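Residues per chain, in single letters:
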Amino acid sequence: MSSTAVQWIVRCYAAILVIAGVASYALGTSHAPIALVGGVGGGALLVVLSGLFRRRVFWSRPALVTAVGIFTLSFIWRSAESFMRGQQRTGLLLAALAAVSLPVFVVLLRAWNR
């Protein structure tokens, strides 16, 4: 996969994180301000790492894969926790983010080996 395709995938994923943060804030959950800051911050981090990846900074690829991997694990853990607490809306949003994050993580891992 070309670095341009990886960039677009990461940038779309970053946009999804920002939109999910705003959606969580709009849902009015108990952690809404944290989700808003996390979504915007995570999206901004991924955009910066994507730009560094484009410029072929040698440490940007492992940082990008690690960040998406941590986001994926975090979304899986937090969605399970939300479902156990009976917060279905929050759990569904986090499960959707985990479902989007896992394929992005796999694509980044596959692109890393080429």
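Scroll up to find the structure.
Described in the following lines is the structure provided in the data block. Not measured: the values here are computed from a predicted model.

**Side note on the packing of helix α1 (residues 3-27) against helix α3 (residues 60-84)**
Angle between the axes and distance between the axes: these two values describe a pair of packed helices.
Phase 1: Contact pair α1 / α3: the axes reach a minimum separation of 13 Å and the direction vectors enclose 35°. Where α1 crosses over α3, the two elements pack in a sense that is left-handed. Between α1, through Val10, Tyr13 and Leu17, and α3, the contact on the second element is made entirely by Leu64, Val68, Phe71 and Phe75.
Phase 2: Here the residues of the contact of α1 with α3 sort into seven nonpolar, no polar and no charged.

**So, empty space enclosed by the protein**
Phase 1: Applying the stated rule across the entire model yields one cavity of 30 Å³ or more.
Phase 2: Taken as a whole, the largest cavity spans an internal volume of roughly 50 Å³.
Phase 3: If you trace the largest cavity, you find it lined by Val6, Phe53, Arg61, Leu64, Val65, Leu108, Ala111 and Trp112.
Phase 4: The set of elements that each furnish at least two residues to the lining of the largest cavity consists of α3 and α4 (88-112).
Phase 5: For the lining of the largest cavity, the class distribution of residues is seven nonpolar, no polar and one charged.

**Examining the environment of Ala95**
Phase 1: Topologically, Ala95 is positioned in helix α4.
Phase 2: Residue classification places Ala95 among the partly exposed positions, given a relative accessible area of 28%.
Phase 3: Through-space distance from the C-alpha of Ala95 to that of Phe75 is 6.7 Å; in sequence the pair is 20 residues apart.
Phase 4: With sequence-adjacent residues up to four places away left out, Ala95 is seen in contact with Ser79 and Phe83.

**Observations regarding the nonpolar core**
Burial of nonpolar side chains together is a common tendency in soluble globular proteins.
Phase 1: Grouped together as the largest cluster of nonpolar side chains are 21 residues, with contacts concentrated most on Tyr13, Leu17, Leu46, Phe75 and Leu108.
Phase 2: When residues no more than four places from it in sequence are discounted, the contact partners of Tyr13 are Leu46, Val68, Phe71, Phe75, Val100, Ser101 and Val104.

**Focus on unusual backbone geometry**
Phase 1: For Arg56, which is not glycine, the phi dihedral falls at a positive 60°.
Phase 2: Residue placement: Arg56 occurs in the loop between α2 (32-54) and α3.
Phase 3: Looking at Arg56, the relative accessible area reads 69%, which means it is exposed.

Rules of the game
Residues numbered from 1 in each chain as written. Predicted model: local features only at pLDDT ≥ 70, side-chain atom pairs only at ≥ 80, totals over all residues. Heavy atoms only, no water. Axes fitted to C-alpha atoms, helices over the stretch in contact; angles between N-to-C directions. Helix = DSSP H or I, 4+ residues; strand = E, 2+ residues; numbered from the N terminus. Left-handed = near helix turned anticlockwise from the far one by under 90°. Contact = heavy atoms within 4.5 Å. Nonpolar A, V, L, I, M, F, W, Y, C, P; charged D, E, K, R; others polar. 1 Å grid on protein atoms, 1.4 Å probe; cavity = no way out; pocket = protein on both sides within 12 Å on 5 of 7 lines; lining within 4 Å. Points joined across faces, edges and corners; volume = space filled by probe spheres on them. Buried < 20%, exposed > 50% of the residue type's maximum accessible area, 1.4 Å probe, protein only. Core = buried A, V, L, I, M, F, W, Y, C linked by side-chain atoms within 4.5 Å.

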